[in-house]
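What follows is the residue order along each chain.
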Amino acid sequence: MIDFALPEAFHMWTVLVLIVFAMVGYSSDKIPLEVTSAMVFASLLVLFEFFPLIDEFGYVHMDVAKIFAGFSNPALLAVLGLLVVGQAVVQTGALNEVASIIARISRNNALVSLVLCLIVVMGISAVLNNTPVVVIFIPILAALAKHLDISVSKIMIPLSYAAILGGMMTLVGSSTNLLVSGTLVDMGMPALGFFDFTIPGLVLATVGFVYVTLIAPHLLIDRASLAKTLVGGDDERQFIAQVEVDATSDFVGRHIASAKLEGYDEITIRMVQRGEHAYLPPFDEHMTIRSGDIVVVATTRTGITQLLEKQPGSLLQNMPGGLEVADDSEGDLVQSGISLAEVIVTPSSRMIGRNLEQVGFHHRHHCVVLGIQRQSRVIRSRVSEIRLAAGDVLLVMGKRQDVMNLQESKDILFLEWSAQEIHSGKKAWVAGGILSVVVGTAAFDIVPIAVAAFVGAVSVIVTGCLNLRQAKRSIDSQVLMIVAASLALGAALQETGGAIFIAKSLIGFLEGASAVTIMSVLFVLMAVITNVLSNNASAVLFTPIAVSAAQQLDANPLMFIFAVIFACNCSFITPIGYQTNLLVMGPGHYKFSDFIRSGLPLALIMWITYTLFALSYF
């Protein structure tokens, strides 16, 4: 152990100051998270290069390799791999049907849907690793949020918290629990049983679940809507599109009295052209779609994407020179790398006053116009017959390079942020299968989760569920830098003796207090440190201290052991506290401060709940 009277204490205090700086930088949002992380690395490099930490045996405790070891950490590899696999599931729409089932069961009630999902998450997390559970439900909740018209920013953090709470109920619910049990065995004490702490864990999980479902969503800012505002995006923008119905179409035989189609919630029918006659709303209650009809609909990009996945020919075959579609029964797009994007007709455009056929849009740009959006006007005409006006927004589809070439045209303004690559519905089954294999092999400990996640990430790229460019975009640089920097700080804190110094100083300061008081303060300390260090490191560090404190106070050691388990699982306050927090950070568009805002009250609730439980139970 390091003697803190020696010069090595300089390293410890410097690292502690650096941790405070990092936490302030991460939470202030004034400095980009990547810059704060880079400054942490630079500071550690300077510190241990010019003031090396060497023990009496000549061993160097911190060097360049240890500082940057976080980039090769299996936990980081697992997170990045799962981000890529999760993006493939979202991109291909593999779990959209699951979201629809949950929405139907809950009768489209947002609160009921959220409660149902989180109950399932908590139950599964009690017996399986939390990380793959969250990976499964991120796309489900994303699809559910879109289906129910609620912000994804309101439900992603609750998803992570529900998984963490579920992991508190059994021995295998979290790797932290297993580490505490293993440390006890190393100390010569009996191992914990599978359900030894299920009762207090269930109490804490129940109280936490009430907070997560009823209070936390109201504390979270709608980051998703803010993001759309900043980039000008709007998922609810209504485009006019036309669908040509043939004998194999899914539309045939569907009733349209309400101008809606079952299973296509994003689509509203504006007109049905049957031969020479056009039918407008309100439609006859017995009217159904027939083969040969041309249906003009108002729909969002989501609705058009859904049509492309299920029956692409319905959107493409009526377009002059439309994109080729395969001849197989599933109607998959032949081309890979097909993209959607939006363009605006400029005031000086030569396209104004002419329709798409007269313009020859496909011939000139090799792209198909799927829909037209015009402000303040209800259009009930076929897309190919609409005369374009300045300010019209065209939703176009084509090969990625052809779509990107649209920015060279002087007649239209290309909205680069709107470009989105799409895949055929067939890839959804591939992505879903890969996700199932990744989750199954990791959950049942067939292979480490880092191995499963990395192989899964490679698989979704090789099989075409994502291309390399999409995979790169799915890896959040903030997640990469935060994890690596926090691991470097954690290693430095332990190597310099800072963590042990803080823990033992607190125990000494509280000498003479009651057992419950010392346990309660220790709970707070562990809950704070577990959000800076990893929860696993905190558990290993504090288990011997907690057992020693219980023995000195002649108190029930289980009260302190359970405190270690629950406190080290309170990784709610920072995104670096636990892998699941990092996983939801990108999909929820969160900032560091969002976790503090919603996680700090939950950590306090867990602390108060367990303290009151200990007073009566032990």
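Residues numbered from 1 in each chain as written. Predicted model: local features only at pLDDT ≥ 70, side-chain atom pairs only at ≥ 80, totals over all residues. Heavy atoms only, no water.

Thoughts on the packing of helix 9 (residues 175–186) against helix 25 (residues 557–568)
The condition is simple: Between the N-to-C directions of two axes lies an angle of 0 to 180 degrees, each axis being a line fitted to C-alpha atoms and, for a helix, fitted only over the stretch in contact. Secondary structure elements follow DSSP: runs of H or I no shorter than four residues count as helices, runs of E no shorter than two count as strands, and numbering proceeds from the N terminus. Each angle is binned into one of four classes, with values under 35 degrees roughly parallel, values over 145 roughly antiparallel, values of 65 to 115 roughly perpendicular, and all other values oblique. A crossing counts as left-handed when the near helix is turned anticlockwise from the far one by less than a right angle, and as right-handed when that turn is clockwise. Residue contacts are counted whenever heavy atoms from the two residues lie within 4.5 Å of one another.
One can describe the packing of helix 9 onto helix 25 by two numbers: an axis separation of 9 Å at closest approach and a directional angle of 150 degrees. Looking at the two axes, helix 9 sits roughly antiparallel to helix 25. As for the relative orientation of helix 9 and helix 25, their crossing is right-handed in sense. In contact with T176, N177, V180 and L184 of helix 9, helix 25 contributes I561, V564, I565 and C568.

Regarding the pairing of strand 8 (residues 393–399)
To be explicit about the condition: Relative accessibility decides the category of a residue: with a 1.4 Å probe and only protein chains considered, values under 20% of the type maximum give buried, values over 50% give exposed, and everything between is partly exposed. Between any two strands, at least two bridges found by DSSP are needed for them to pair.
With six of seven residues buried, strand 8 lies mostly within the body of the structure. Relative to strand 8, strand 6 (residues 338–345) is paired through seven bridges, and the arrangement is antiparallel. Across the sheet, the residue bridging to S339 is G398, located in strand 8.

A short note on the pairing of strand 1 (residues 239–244)
Most of strand 1 is tucked away: five of the six residues are buried. Here strand 1 pairs with strand 5 (residues 294–299) via six bridges, running antiparallel. Pairing of V243 across the sheet is with V295, part of strand 5.

Notes on helix 6 (residues 110–125)
To be explicit about the condition: One less than the number of residues in a helix, times 1.5 Å, gives the span that helix is expected to have. Within this analysis, the arc is defined by the directions that extend from the helix axis to the C-beta atoms.
Counted at 1.5 Å a residue, the expected span for helix 6 with its 16 residues is 22 Å, and the 22 Å between its end C-alpha atoms agrees. Along helix 6, the residues classified as buried are S113, L114, C117, L118, V121, M122 and S125. Around the axis of helix 6, the buried residues are gathered within 160 degrees of arc, so they sit on the same side.

Brief notes about unusual backbone geometry
The residue after P281, namely P282, is reached through a cis peptide bond having omega 0 degrees. Mapped onto the elements, P282 comes out in the loop between strand 4 (277–279) and strand 5. For H366, which is not glycine, the phi torsion reads 60 degrees and is therefore positive. Looking at the secondary structure, you find H366 in the loop between helix 16 (361–365) and strand 7 (368–373). Here H589, not a glycine, exhibits a phi torsion of approximately 60 degrees, which is positive. Position of H589 relative to the elements: it lies in the loop between helix 26 (579–585) and helix 27 (592–617).

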